[in-house]
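Each chain is listed here by its residues.
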Amino acid sequence: MSPQVDFFENSVFSRTFEDIRSGFLGSCTASNLKSPTELPDEGGTVFCVAFGNKAVTVIHQGYRYTLEPGMYGSIQTPASILGDNVWYVLVQNHKALNSVGGPLEETGRLRYIDGCTDSLIVAPVIKGDPCLNLLYFPPGIEQTFHTHPSCRLGLVVSGSGFCEDDAGETELNPGLAFHIPKDGVHRFVTREKPLRIVAFHPDSDFGPEHDFHPMINKTIVDGLSARHIDSIRTTS
């Protein structure tokens, strides 16, 4: 039997996962409006999505990042989160670029599997880094059962559907968070309504590398890309 998917109601989830480079999945609810959630450790990143009906503010080193409902971001720690209904994943010992985007689009930009689409909404800074994705499932989808070589942490942001794994079928509604362990067999199913999910990946097999990125690839010396000229590439 494969590892089972864990589900968390929108107002109660907070759990540590060693398979996200050490870190945890959490949420802030209305009780946090006057008492910020403090993430004091330096050198980490909080990946977050505002999903309530009010703006969320994340404060880092005096900068205030405001996320309206449906917006998302990656912000370094130490940080304070002030607001109502924000889903976040804290990754320790990883410094992503500070960024805020959104609102989440209705569908993904990239083709995925079985009629589903995906958008990379927070990209890895360097190949191998964590990333954040928006998944869109049209009505009437029955995904092929599949696994992932690392865990997935997610949030249902709109619509409805089901997740099926060895434990059976779990109904998915907005605000429900989940953890899919490494190698856990699962699939997502929709019926009359579409479904949108934000999914955190702790790693990536895609992204820029020191010797392969747009700036170095498109720097041309005597007709040759700088990525092929060892003598001029920065090495440290």
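No experiment lies behind these values; they were computed from the predicted model shown. (Residues numbered from 1 in each chain as written. Predicted model: local features only at pLDDT ≥ 70, side-chain atom pairs only at ≥ 80, totals over all residues. Heavy atoms only, no water.)

A. Region of interest: the nonpolar core. In this structure, W87, L104, L132, V198 and F200 are the most contacted members of the largest nonpolar core, which totals 22 residues. At the level of secondary structure, the elements contributing two or more residues to this core comprise β5 (45-50), β10 (86-91), β13 (117-122), β14 (131-137), β15 (152-159) and β20 (195-201). (Core = buried A, V, L, I, M, F, W, Y, C linked by side-chain atoms within 4.5 Å. Buried < 20%, exposed > 50% of the residue type's maximum accessible area, 1.4 Å probe, protein only. Helix = DSSP H or I, 4+ residues; strand = E, 2+ residues; numbered from the N terminus.)

B. Layout of the packing of aromatic side chains. Taken as a whole and judged by the stated rule, the model has three aromatic pairs. Both rings, one in F47 and one in F200, keep their centres 5.2 Å apart while their planes meet at 55 degrees; by these two values the pair is tilted. Separated by 153 residues along the polypeptide, F47 in strand β5 and F200 in strand β20 bring together distant segments of the chain. The class of F47 is buried, set by a relative accessible area of 1%. Taken together, F137, F178 and F188 form an aromatic cluster joined through their ring pairs. Over the ring of F162 we find R191; its NZ or CZ atom is 4.1 Å from the centre of that ring. (Phe/Tyr/Trp six-rings, centres within 6.5 Å; stacked < 30°, edge-to-face > 60°. Lys NZ or Arg CZ within 6 Å of the ring centre and 35° of its normal.)

C. Spatial organisation of the sheet that holds strand β4 (residues 37-39). Strands sit in the order β4-β9-β6-β7 across an open sheet of four strands; the sheet is antiparallel. Each edge of the sheet is formed by a strand with only one pairing partner; in this case those strands are β4 and β7 (63-67). Taking each pair of neighbouring strands and ignoring which way they run, the sheet shows an average axis angle of 20 degrees. Examined bridge by bridge, strand β6 (residues 56-60) and strand β9 (residues 79-83) share four bridges and lie antiparallel to one another. The residue bridging T57 from the neighbouring strand is L82, located in β9. (Pairing = 2+ DSSP bridges. Axes fitted to C-alpha atoms, helices over the stretch in contact; angles between N-to-C directions.)

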